[in-house]
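# Analysis of the macromolecular model
Here's the letter readout for the chains.
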Amino acid sequence: MNKQQKKIQHKGGRNPKANPSIHRYVFRLTDEENAKFLSLFEASGADNKAQYVTSLLFEKPVKTVKVDMAAMDYYTRLTTLFGQFRAVGVNYNQIVKILYRNFSEKKAAAYLFKLEKQTAELAKLCREVMKLTTEFEAKHLNKIDGK
């Protein structure tokens with residue numbers, strides 16, 4: 001009975017790794033070197049400093065990601081604007097249905113004429129936004145025609 005209890009009894013904690021990292025190396029940096037190291041580490045996107053250092057030592061490719069916050073903000077606002085354009089399109093369809101349902105054909109046509117003028121201005125504004133976006137990509141993102 002004593003042998004069976006020993007077999008069933010489990011030791012707590014994590015399961016051991018197949019290939020644990022047991023060798024440790026220490027190096028020291030000056031304040032300037034440390035600042036440069038930390039900036040390179042943050043730009044690499046590595047999960048931890050040890051992973052970053054080993055990737056540098058063994059010449060694994062180091063991924064560097066630069067995020068342009070101005071471009072990100074521009075595209076966020078642009079996405080919001082186009083979402084509003086879609087909402088206007090839905091409202092446009094609803095207004096046309098309501099006009100024909102609640103007004104005479106002559107009065108509905110008069111309101112639709114006004115609505116068409118506003119829609120033409122909105123389309124002109126949309127073309128201007130598209131032109132500005134193309135210019136922004138060419139100047140700031142070094143992208144031309146979606147390349």
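Taken as a whole and judged by the stated rule, the model has one salt bridge. The closest approach of N and O atoms between Arg77 and Asp73, which form a salt bridge, is 3.2 Å. Placement of both Arg77 and Asp73 in helix H4 (residues 69-102) is noted, with a separation of four residues, approximately one turn of the helix.

The next subject is helix H3 (residues 49-57). Two or three places before Ala50, at the start of H3, stands the capping residue Asn48, its side-chain oxygen 3.4 Å from that residue's backbone nitrogen. Within two residues after H3, Glu59 carries a phi angle of roughly 55°, on the positive side.

The end-to-end C-alpha separation of helix H2 (residues 31-44) is 20 Å, in line with the 20 Å expected for 14 residues at 1.5 Å each. Looking at H2, one finds that the buried residues are Phe37, Phe41 and Ser44. Burial along H2 is one-sided: seen end-on, the buried residues are contained in an arc of 60°. Among the exposed residues of H2, those pointing more than 90 degrees away from its buried face are Asp31, Glu32, Lys36 and Glu42. Those residues of H2 that are buried lie in contact with H3. Directly after H2, the chain includes Gly45, whose backbone phi takes a positive value near 80°.

Inspection of every chain in the model, using the stated rule, returns six aromatic pairs. Both rings, one in Tyr74 and one in Phe136, keep their centres 4.3 Å apart while their planes meet at 25°; by these two values the pair is stacked. Here Tyr74, found in helix H4, pairs with Phe136, found in helix H5 (residues 105-140); they are 62 residues apart in sequence, far enough to count as distant. Classification of Phe136 as buried rests on a relative accessible area of 15%. Here the aromatic rings of Phe103 and Tyr111 are separated by 5.5 Å at their centres, their planes lie at 55°, and the arrangement is tilted. Residue classification places Phe103 among the partly exposed positions, given a relative accessible area of 33%. Accessibility expressed as a relative area gives 35% for Tyr111, which makes it partly exposed.

Before going further, it helps to spend a moment on the packing of H4 against H5. H5 packs onto H4 with a crossing angle of 165° between their chain directions and a minimal axis gap of 11 Å. Classified by the angle their axes make, H4 and H5 are roughly antiparallel. Handedness of the crossing formed by H4 with H5: left-handed.

Another point: a nonpolar patch on the surface. Taken together, the side chains of Val65, Val67, Met69 and Met72 present a nonpolar region at the surface, about 400 Å² in accessible area. Looking at where Val65 falls in the secondary structure, it is placed in the loop between H3 and H4. On the basis of relative accessibility, which here comes to 48%, the residue Val65 falls in the partly exposed class.

About the criteria used
- Residues numbered from 1 in each chain as written.
- Predicted model: local features only at pLDDT ≥ 70, side-chain atom pairs only at ≥ 80, totals over all residues.
- Heavy atoms only, no water.
- Salt bridge = Lys/Arg side-chain N within 4 Å of Asp/Glu carboxyl O.
- Helix = DSSP H or I, 4+ residues; strand = E, 2+ residues; numbered from the N terminus.
- Polar contact = N/O pair within 3.5 Å; in protein donor to acceptor, adjacent residues only side chain to side chain.
- Expected span 1.5 Å × (residues − 1).
- Buried < 20%, exposed > 50% of the residue type's maximum accessible area, 1.4 Å probe, protein only.
- Arc of directions from axis to C-beta.
- Contact = heavy atoms within 4.5 Å.
- Phe/Tyr/Trp six-rings, centres within 6.5 Å; stacked < 30°, edge-to-face > 60°.
- Axes fitted to C-alpha atoms, helices over the stretch in contact; angles between N-to-C directions.
- Parallel < 35°, antiparallel > 145°, perpendicular 65-115°, else oblique.
- Left-handed = near helix turned anticlockwise from the far one by under 90°.
- Patch = residues over 30% accessible without salt bridge, like charges linked within 9 Å, V, L, I, M, F, W, Y side chains within 5 Å.
- Areas by Shrake-Rupley, 256 points an atom, 1.4 Å probe, with all protein chains shown as cover.

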